[in-house]
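Fold and geometry: a report
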Amino acid sequence: MNRFQDYLPALKTALGKLDAWREAYGPTAEDDNPVPHYAPERIEEVLLKLEQRLEENYPFHHPEYAGQMLKPPHPAAWLAYTLAMTINPNNHSMDGGPPTSRMEKAVIKKLAAMVGYDETSLGHLTSGGTIANLEALFVARELHPGKAIAASANAHFTHQRMCRVLNAEFIAIPVNAEGVPDPEFIEHNADRIGTVVVTLGTTGLGVVEPLADILDITRRHGIRVHADAAYGGFFTLIKDSLPSRQHWQAIHDADSIVIDPHKHGLQPYGCGSVLYKDASVARFFQHDSPYTYFTSDDIHLGEISLECSRAGASAAALWTTLELLPLEPSGLGTVLTSARNAAMKFAARLRDSAAWELYSDPDLDIVGYFRSPESKKLTDLNRANNAIFQQGMKNRDDPFYLSLYKIEADQFLKRFPGFEANADRAVILRSVFMKEEHERFVETLAGRLGI
Ligand SMILES: *Cc1c(COP(=O)(O)O)cnc(C)c1O
C-alpha cells in the first residue's frame, strides 16, 4: 500500500528549494512579526481535527472498494499539486502562471497525440468533464444553430442538462438490445440533428458506443460528432487489447473529445480536458479582457476556454505524472490493463456461477451483474441486490463496497426475457475496477460476495 508519508522527504527537498526561491525576493514585514494563525502548532491542531473527519470516508484507496469511480491520485500527482499550489498559479492566462500554462500546453499536445489529432488541433484542461462537455456542446451549437444535439439514452445526464443551459434541442437516441445507440434512429432523424454525442465508456457500465458505425452515418449527413470519453479516454492506450478497438481507432475522426485525467489519469479532482480537431473553433471564444493577456503574445489559455481561473497546480500534477508514466501502453497503459484484467476475471467468475448473472460483457473495467432470484420477478431481483449492496458495507470483517445501477425494465427484459416485469426498473450491482490493486484482489472480492 502507498503510504503518503513515505514521499515527504522528496516534498521537503523540493519545498526547501522553493522556499529559498521565495526568500531570494527579500524579507517581508511578517518575518519580524509573524501572524499567529500561521503558526505551525496552531495549524496542526486544526489539521488533526480534519484528519478525524476524513476517516469518515469510505476506503476509496482499498481494492475492497469497487463502488464509484474514485481512487486517490498518484503520489507524484499529489506531490506536484502540493508543491505548485504553494505558489497558486492561475492558468487562465500567461500572466497568472507562465510555467504551468506551458505545462498545460505540453500535456494537451500529448493528449492530442494519444487520440491521433495532429499539431493543428486545439485544446486545454478544464476543472472537470462537465465544463469540458459544456464547452464542446457550445461549439457544436454555434456551428449548427437551430439543430438538435443527440446523445444516447445511456449518455451522461450532463448532456441533456447542458442542452437546457445552451437552449439547444436535445434528442435522446434509443438504445438497442446491445445497449448501444440505434444507428437507424440517427439515420431517420438526420435532418434535425446537428451534433451526435458518442460516449466512449459510459458512466454506467463503461459501454463503448459504436463510434466507427456512427461516423459512417454522420459523415454522409454533415453531422458533427462529439466523443465523450471523460471516463474511457485513456483506454485508447490499450485499444489493441479491447473488443471495441475499431471504435478507438476512429476516435481521431471525432470533431471534439473530452477526457478526464481526474478519472483514469491518476489525478486529483479538478482536471478534465477538451480537444478540438479544428482549431478554428477558437473564434467562438474570442473576447478581450481589460485585466489580463499582457505578458505574452502566445495564446493565453483563458482566450480559448469558458472558464476563467483554473488551478495551474492541476497542469503541474498531470505534467509530472506523465513524465513518470508516459501515454504509452507500457506507461499509463499498464494501469488501464490491470483495471481491464480485473474486470475480465470478475466477469469470468460470474459466468461460471449458477446463482449469479453477468449483465453484459464488460467493454472496459466496469461490470454490471446481479444475483438472480428464483422467482424471476423484478421486485425480488431488486430487493435481493439492494440487500447485497447494503450488507457489504455493514460487514465488519470482510466488507465490500459496490454500487447499484438502475435499468429500465424493457431494456433489462431484452437481455433476460425470462423475467417478469412487475416493476418499472431492474436494480443490479455495478463494480468499477479502476485500481491497479483490483487485478489481484478481485478473486477475494468475488469470494466475499459469495460468487
Ligand atoms: C464523469 C463523466 C462526466 C462528467 O465529468 P465530471 O468530471 O464528473 O464533471 C461526463 N461524461 C462521462 C462519460 C463521465 O464518465
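Residues numbered from 1 in each chain as written. Predicted model: local features only at pLDDT ≥ 70, side-chain atom pairs only at ≥ 80, totals over all residues. Heavy atoms only, no water.

**Some thoughts on the overall build of the protein chain**
Short version of the rule: Numbering goes from the N terminus for both helices and strands, where a helix is a DSSP run of H or I of at least four residues and a strand is a run of E of at least two. C-alpha atoms define the radius of gyration, and 2.2 Å times the number of residues to the power 0.38 defines the globule rule. Burial classes: relative accessible area under 20% of the type maximum marks a residue as buried, over 50% as exposed, and values in between as partly exposed (1.4 Å probe, protein chains only). The contact criterion used throughout is that any non-hydrogen atoms of two residues lie within 4.5 Å. Residue burial considers only the protein chains on display, and all accessible areas are found by Shrake-Rupley using a 1.4 Å probe.
The number of helices and strands found in the protein chain is 15 helices and eleven strands. A compact globule built from 451 residues would reach a C-alpha radius of gyration of about 22 Å, and the protein chain, at 24 Å, matches this within 12%. Across its three principal directions, the C-alpha atoms of the protein chain cover 80 × 60 × 35 Å. A buried classification covers 51% of the 451 residues belonging to the protein chain. Of the contacts formed within the protein chain by residues at least 6 apart in sequence, a portion of 73% connects residues at least 24 apart. Just so you have it, the protein chain exposes about 21700 Å², and 52% of that area is on carbon and sulfur atoms.

**What to know about the site of the ligand**
Here is the rule we go by: Proximity is defined per residue: any heavy atom of the residue falling within 4 Å of a molecule or strand makes that residue near it. Pairs of N or O atoms within 3.5 Å make up the polar contacts considered here, provided that, within protein, one atom can donate a hydrogen while the other can accept it, and that residues adjacent in sequence are counted only when both atoms are side-chain atoms. Three categories are distinguished: nonpolar for Ala, Val, Leu, Ile, Met, Phe, Trp, Tyr, Cys and Pro, charged for Asp, Glu, Lys and Arg, and polar for the others, with Gly belonging to the last.
Close contacts around the ligand come from 14 residues, with T130, D228, D260, H262 and K263 the closest. One of the side-chain N or O atoms of D260 is found 2.6 Å from an oxygen atom in the ligand. The contact in question runs from an oxygen atom of the ligand to an N or O atom on the side chain of H262, over 2.7 Å. Of all the secondary structure elements, the ones that give two or more residues to the shell around the ligand are α5 (129-143) and α10 (261-264). For the shell around the ligand, the leading source of residues is α5, giving three residues. Considered class by class, the residues forming the shell around the ligand number two nonpolar, nine polar and three charged.

**Section: a negative patch on the surface**
Quick reminder of the rule: A patch consists of residues whose relative accessible area exceeds 30% and which take part in no salt bridge; residues with like charges are grouped when within 9 Å of each other, and nonpolar side chains (Val, Leu, Ile, Met, Phe, Trp, Tyr) when within 5 Å. Salt bridges are counted wherever a side-chain nitrogen of Lys or Arg sits within 4 Å of a carboxyl oxygen of Asp or Glu. When charges are tallied, Lys and Arg are placed among the positive residues and Asp and Glu among the negative ones, while His and the ends of the chain are skipped. In plain terms, the charge of a residue is placed at NZ if it is Lys, CZ if Arg, CG if Asp and CD if Glu.
Where like charges cluster on the molecular surface, the negative patch consists of E23, E30, D31 and D32. In this structure, E23 sits in helix α1 (residues 8-23). Look at E23 and you get exposed, because its relative accessible area is 61%.

**Here's the deal with the packing of helix α3 (residues 75-85) against helix α11 (residues 312-324)**
Condition: Fitting a line to C-alpha atoms yields each axis, with helices limited to the stretch in contact; the angle taken between N-to-C directions then spans 0 to 180 degrees. Each crossing gets its hand from how the near helix is turned against the far one by less than a right angle, where anticlockwise is left-handed and clockwise is right-handed.
At a closest axis distance of 8 Å, the pairing of α3 and α11 adopts a crossing angle of 145°. Taken as a pair, α3 and α11 cross one another with a handedness that is right-handed. Between α3, through A76, A77, A80, Y81, A84 and M85, and α11, the contact on the second element is made entirely by A313, S314, A316, A317, T320, T321 and L324. Grouping the amino acids of the contact of α3 with α11 by side-chain chemistry returns ten nonpolar, three polar and no charged.

**Describing α3**
Among the residues making up α3, those that are buried are P75, A76, A77, L79, A80 and A84. Of the surrounding secondary structure, the elements contacted by the buried residues of α3 are α1 and α11.

**As for the sheet that holds strand β11 (residues 425-432)**
What counts here: Strands qualify as paired when DSSP identifies two bridges or more between them.
The strand order across the open sheet built from four strands is β8-β9-β11-β10, with neighbouring strands paired in antiparallel fashion. Both outer strands of the open sheet, β8 (356-358) and β10 (403-408), are each paired with one neighbouring strand and no more. Here the average twist between neighbouring strands, direction ignored, is 40°. Relative to β11, strand β9 (residues 366-371) runs antiparallel, the two being bridged by four bridges. Along β11, the bridge assignment pairs Y369 with L429. Lying on the sheet, helix α13 (residues 378-394) is in contact with β8, β9, β10 and β11; it crosses β11 at an angle near 30°.

**Considering the domain arrangement of the protein chain**
Rule in force here: Where each domain begins and ends follows an automated or database-derived domain assignment. A 1.4 Å probe defines the accessible area here, and the buried area is the portion of it lost by two parts on being joined, summed over both.
On domain assignment, one finds that the protein chain holds domain 1 (98-324) and domain 2 (333-449). In this structure, domain 1 and domain 2 have C-alpha centres spaced 29 Å apart. Taking both sides of the interface into account, the surface hidden between domain 1 and domain 2 amounts to around 1900 Å²; carbon and sulfur atoms contribute 64%. Where domain 1 touches domain 2, the interface holds zero salt bridges. For the pair domain 1 and domain 2, the interface holds seven residue pairs in polar contact (both at pLDDT 80 or more). Class assignment for the residues of the side of domain 1 that touches domain 2 results in 14 nonpolar, eleven polar and two charged.

**Things to note about the sheet that holds strand β5 (residues 224-228)**
With respect to topology, seven strands assemble into an open sheet ordered β1-β7-β6-β5-β4-β2-β3, the strand pairing being mixed. Each edge of the sheet is formed by a strand with only one pairing partner; in this case those strands are β1 (122-126) and β3 (170-173). Neighbour-to-neighbour, the strand axes of the sheet open up by a mean angle of 20°, direction not taken into account. Sheet analysis places strand β4 (residues 193-199) next to β5, joined by five bridges and oriented parallel. When the bridges of β5 are listed, T195 appears paired with R224.

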